[in-house]
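# Examining the three-dimensional arrangement
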Amino acid sequence: MILTGQEIEQQVAQGRVVIDGFDPARIEPNSYGFRLADTLLRYDDGVLDPAVPPRYERLVMDDGGLVLEPHRFYLGSTLEAMGSEHHAATLYACRSVATLGMWIQFSAPLGHSGAIFPWTLEITVAQRLRVYPGMVVGKIAFWALQGQPHRYAGKYTGSRSVVPSRLAQESVHAGRELVVTGR
Ligand SMILES: Nc1ccn([C@H]2C[C@H](O)[C@@H](COP(=O)(O)OP(=O)(O)OP(=O)(O)O)O2)c(=O)n1
C-alpha cells in the first residue's frame, strides 16, 4: 500500500517518516516533492570498471545553476535526507522535469527501510538543460511493509550527500568465474 500525502505528513509528525526541512507545500496526493542539491558529480574515466573506484569531477552550482549536456551522465542528490525505518520508498521524476527531457533516476528506484539520507540521483538529459540548486525535480513515495521490517545496513549507510558507486568495495568477481572475452 502506498501512503497518501496526508498520511506522509502525519507520519513525519510522528517521526516514522523522516524528511529534512519538511514543507507541507510539497506534499502531493501520494508523494512528497524533493529538491536538487547544489553538488553534482561527473565521472572522468572513459571506461568505468566496477572493480575500480571511479574518478570524478565535483561540480558545485551557484544560484545561476548549471547547463547539463546530453550524452553525459551526472550524479546529484536530493537536498533532503529522507527515508523511514518503517516504510520502503521509491523515487520518481516530476512529470514537469521529465517532460523537459531530464532523467533523475532510471535504474535504481528502491529505498530500503532504514536508509535515511540524501538520495543519490542518476541524471542525464535529452538536450541541453539548465538546472538550479533547490529546484523540485522529483517525488518520493512511501510504501507499507508486509512482514518484519529489516533495517538497511549497506554500503551507502550514513551518506551525507551525493555518493558515487561503491561497487569496487565488493569483490565483484567473488564466487564467479571470470571469463575475459574482450577489452
Ligand atoms: N537512486 C537511488 C536509489 C537508492 N538509493 C539509496 C536508498 C537505498 O536503500 C540505498 C541502497 O540502494 P541499493 O540497495 O540498491 O544499493 P546496492 O545494492 O548497490 O548496495 P548495498 O547492497 O550495499 O545497499 O541507496 C539512493 O541513494 N539513490
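Just so you know, these numbers come straight off a predicted model, no measurement behind them.

What follows concerns the overall build of the protein. Each helix and strand in the protein was counted, giving 2 helices and 13 strands. For the protein, the C-alpha radius of gyration of 18 Å lies close to 16 Å, the compact-globule estimate for 183 residues. Burial status across the protein gives 40% buried among its 183 residues. Sequence separation of at least 24 residues holds for 75% of the intrachain contacts in the protein that already meet a minimum separation of 6. Carbon and sulfur atoms form 52% of the exposed surface of the protein, whose accessible area is close to 10,700 Å². Averaging the coordinates of the 17 positive side-chain charges in the protein and doing the same for the 18 negative ones gives two points 3 Å apart.

What follows deals with the site of the ligand. Close to the ligand lie 13 residues; Ala108, His112, Thr120, Tyr152 and Lys155 are nearest. Lysine 155 is positioned such that a nitrogen or oxygen atom in its backbone is 2.8 Å from an oxygen atom of the ligand. Protein chains bury 73% of the 580 Å² of accessible surface belonging to the ligand in isolation. Broken down by secondary-structure element, the contributors of at least two residues to the shell around the ligand are strand 10 (110–111) and strand 11 (117–125). A per-element tally of the shell around the ligand places strand 11 first, with 4 residues. Of the residues contributing to the shell around the ligand, the split by class is 7 nonpolar, 4 polar and 2 charged.

Let us now look at the pattern of salt bridges. Per the stated rule, a full pass over the model turns up 9 salt bridges. For glutamate 69, the salt bridge is made with arginine 128, and the minimal N-O distance between the two is 3.0 Å. Of this pair, glutamate 69 sits in the loop between strand 6 (66–68) and strand 7 (74–83) while arginine 128 sits in the loop between strand 11 and strand 12 (129–131); the two residues are 59 residues apart in sequence, bridging distant segments of the chain. Glutamate 170 is paired through a salt bridge with lysine 155; the nearest N and O atoms lie 2.5 Å apart. Note that glutamate 170 is positioned in the segment after strand 13 (136–144) and lysine 155 in the segment after strand 13, a separation of 15 residues in sequence. Among the residues examined, glutamate 170 registers a relative accessible area of 39% and is labelled partly exposed.

The strand order across the open sheet built from 5 strands is 2-3-13-8-10, with neighbouring strands paired in antiparallel fashion. The open sheet terminates on both sides in strands that have one partner only, identified here as strand 2 (27–28) and strand 10.

Counting along an α-helix, one turn takes 3.6 residues, and residues three or four places apart therefore face a common direction. Considered for burial, the residues of helix 1 (residues 5–13) that qualify are Gly5, Ile8, Gln11 and Val12. All buried residues of helix 1 fall inside an arc of 120° around its axis, so they share one side. For helix 1, the exposed residues lying more than 90 degrees away from the buried face are Gln6 and Ala13. Where the residues of helix 1 are buried, they touch strand 1 (18–19), strand 2, strand 3 (31–35), strand 8 (87–93) and strand 13. Where helix 1 ends, the next residue or the one after it, glycine 15, has phi of about 80°, a positive value.

What follows concerns the packing of aromatic side chains. Counted under the stated rule, the structure contains 4 aromatic pairs. Ring geometry for phenylalanine 22 and tyrosine 32: centres 5.2 Å apart, planes at 20°, overall stacked. Here tyrosine 32 lies in strand 3 and phenylalanine 22 lies in the loop between strand 1 and strand 2, a separation of 10 residues in the sequence. Assessed through its relative accessible area of 23%, phenylalanine 22 is described here as partly exposed. With a centroid separation of 6.3 Å and 35° between ring planes, the pair formed by tyrosine 43 and phenylalanine 73 is classed as tilted. Placement of tyrosine 43 in strand 4 (residues 39–43) and of phenylalanine 73 in the loop between strand 6 and strand 7 is noted, with a sequence separation of 30 residues between them. Residue class for tyrosine 43 comes out buried when judged on its relative accessible area of 14%. Relative accessible area serves as the criterion here: at 30%, phenylalanine 73 is assigned to the partly exposed category. A network of ring pairs unites the aromatic residues Tyr43, Phe73 and Phe106 as a single cluster.

Cut-offs used in this document
Residues numbered from 1 in each chain as written. Predicted model: local features only at pLDDT ≥ 70, side-chain atom pairs only at ≥ 80, totals over all residues. Heavy atoms only, no water. Helix = DSSP H or I, 4+ residues; strand = E, 2+ residues; numbered from the N terminus. Rg over C-alpha atoms; globule rule 2.2 N^0.38 Å. Buried < 20%, exposed > 50% of the residue type's maximum accessible area, 1.4 Å probe, protein only. Contact = heavy atoms within 4.5 Å. Areas by Shrake-Rupley, 256 points an atom, 1.4 Å probe, with all protein chains shown as cover. Lys, Arg positive; Asp, Glu negative; His and termini not counted. Charge placed at Lys NZ, Arg CZ, Asp CG, Glu CD. Near = heavy atom within 4 Å. Polar contact = N/O pair within 3.5 Å; in protein donor to acceptor, adjacent residues only side chain to side chain. Nonpolar A, V, L, I, M, F, W, Y, C, P; charged D, E, K, R; others polar. Salt bridge = Lys/Arg side-chain N within 4 Å of Asp/Glu carboxyl O. Pairing = 2+ DSSP bridges. Arc of directions from axis to C-beta. Phe/Tyr/Trp six-rings, centres within 6.5 Å; stacked < 30°, edge-to-face > 60°.

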